Amino acid sequence: YLIGDYTVYLFDIEDNARMAYLKNYVSNLLGKLDIVCKELRIDHEQTRTRLEGLLRANDMQELYRRCRFVKCITKEVCEPFVPEGSIDFMVGNCVLNHISTDILVPELICLRRMLKDEGRMYYLIRYDDHWAFHDAKANQFNYYRYSDRVYRLLFESKFEFQNRLVKQEWQEIFARCGLAEEERMDVMSERGADEIR
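Residues numbered from 1 in each chain as written. Predicted model: local features only at pLDDT ≥ 70, side-chain atom pairs only at ≥ 80, totals over all residues. Heavy atoms only, no water.

What to know about the packing of aromatic side chains
Logical step 1: Per the stated rule, a full pass over the model turns up 8 aromatic pairs.
Logical step 2: Taken together, Trp131, Tyr143, Tyr144, Tyr146, Tyr151 and Phe155 form an aromatic cluster joined through their ring pairs.
Logical step 3: Of note, arginine 50 hangs over the ring of tyrosine 1, and the distance from its end group to the ring centre comes to 4.5 Å.
Logical step 4: The ring centre of tyrosine 151 lies 4.1 Å from the NZ or CZ of arginine 164, which sits over that ring. (Phe/Tyr/Trp six-rings, centres within 6.5 Å; stacked < 30°, edge-to-face > 60°. Lys NZ or Arg CZ within 6 Å of the ring centre and 35° of its normal.)

Dropping the structure here:
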């Protein structure tokens, strides 16, 4: 919306978006306007006007229409929701690690089918235990301590499900889905290294 005239498909299995969340995000962008404009190399005043216009939207439908967002909410993750070979770029931030392994491969294969031959995917995959977000003192890799059986019994639920896959497993899954890793950036904080030890 800020850098061009693109159609953006918002794909998920449930619609958890709320206008308050969207307005909070837009307000955050406005609060970081200098950084946003510098990083995207876009005009400061035009960007402010566009973001403020989104804050005046009466409902999510109006906001989505302005941004050219198209909601695609479906539990049929193995069936294309747009024509095959029609998407230029896919983004998923901390999404794949919340998908159960039994549907992960079929879903990635389906997403690959919707991608253009020259299209690309970008995924951010975090390896820290998302339950640790609820307790800053918790070891961020705590969930690797449990056996698969115990982890399934205690934590595999609809509430903050995580699949616990590690880098080598992701690489094998991507290869099985016909996806080639072009670039990877591994980030490890000093705290993370200490907690793994």
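Notes on the pairing of strand β3 (residues 87–93)
Logical step 1: Sheet topology note: the β3/strand β4 (residues 115–124) ladder contains 6 bridges and is parallel. By the bridge assignment, isoleucine 87 is partnered in β4 with leucine 115.
Logical step 2: Once the chain exits β3 it traverses helix α5 (residues 101–114) before rejoining the sheet at β4, and the crossover so formed is right-handed. (Pairing = 2+ DSSP bridges. Helix = DSSP H or I, 4+ residues; strand = E, 2+ residues; numbered from the N terminus. Right-handed = clockwise from strand over helix to strand, strands pointing away.)

What about the nonpolar core?
Logical step 1: Counting 20 residues, the largest nonpolar core has Leu96, Leu104 and Leu108 as the members making the most contacts within it.
Logical step 2: Looking at this core, the elements that each hand over two or more residues are β3, α5, β4 and α7 (167–176).
Logical step 3: Counting residues per element, this core draws most heavily on α5, which supplies 6 residues.
Logical step 4: Those residues in contact with leucine 96 that sit more than four places away from it in its chain are Leu104, Leu108, Tyr123, Ile125, Asn163, Trp170 and Phe174.
Logical step 5: Core analysis: the next-biggest nonpolar cluster, separate from the first, contains 16 residues, Val26, Leu29, Tyr64 and Cys67 among them. (Core = buried A, V, L, I, M, F, W, Y, C linked by side-chain atoms within 4.5 Å. Buried < 20%, exposed > 50% of the residue type's maximum accessible area, 1.4 Å probe, protein only. Contact = heavy atoms within 4.5 Å.)

So, α7
Logical step 1: The set of residues buried in α7 consists of Trp170, Ile173 and Phe174. All buried residues of α7 lie within an arc of 100 degrees about the axis, which places them on one face of the element. Of the residues in α7, the exposed ones pointing more than 90 degrees away from the buried face are Glu172, Ala175 and Arg176.
Logical step 2: Trailing α7 by a residue or two, glycine 178 shows a phi angle of about 75 degrees, which is positive. (Arc of directions from axis to C-beta.)

Things to note about a nonpolar patch on the surface
Logical step 1: A grouping of Ile3, Tyr6, Val8 and Leu40 is seen on the molecular surface, where their side chains present a nonpolar patch of about 370 Å² in accessible area.
Logical step 2: Position of leucine 40 among the secondary structure elements: in helix α2 (residues 33–40).
Logical step 3: Given the relative accessible area of 39%, leucine 40 is considered partly exposed. (Patch = residues over 30% accessible without salt bridge, like charges linked within 9 Å, V, L, I, M, F, W, Y side chains within 5 Å. Areas by Shrake-Rupley, 256 points an atom, 1.4 Å probe, with all protein chains shown as cover. Salt bridge = Lys/Arg side-chain N within 4 Å of Asp/Glu carboxyl O.)

Observations concerning unusual backbone geometry
Logical step 1: We note that arginine 41 has phi near 55 degrees; this positive angle belongs to a residue other than glycine.
Logical step 2: Of the residues examined, arginine 41 reaches a relative accessible area of 76% and is grouped as exposed.
Logical step 3: A positive phi is found at cysteine 94, a non-glycine position, where the angle reads about 55 degrees.
Logical step 4: Note on placement: cysteine 94 falls in the loop between β3 and α5.

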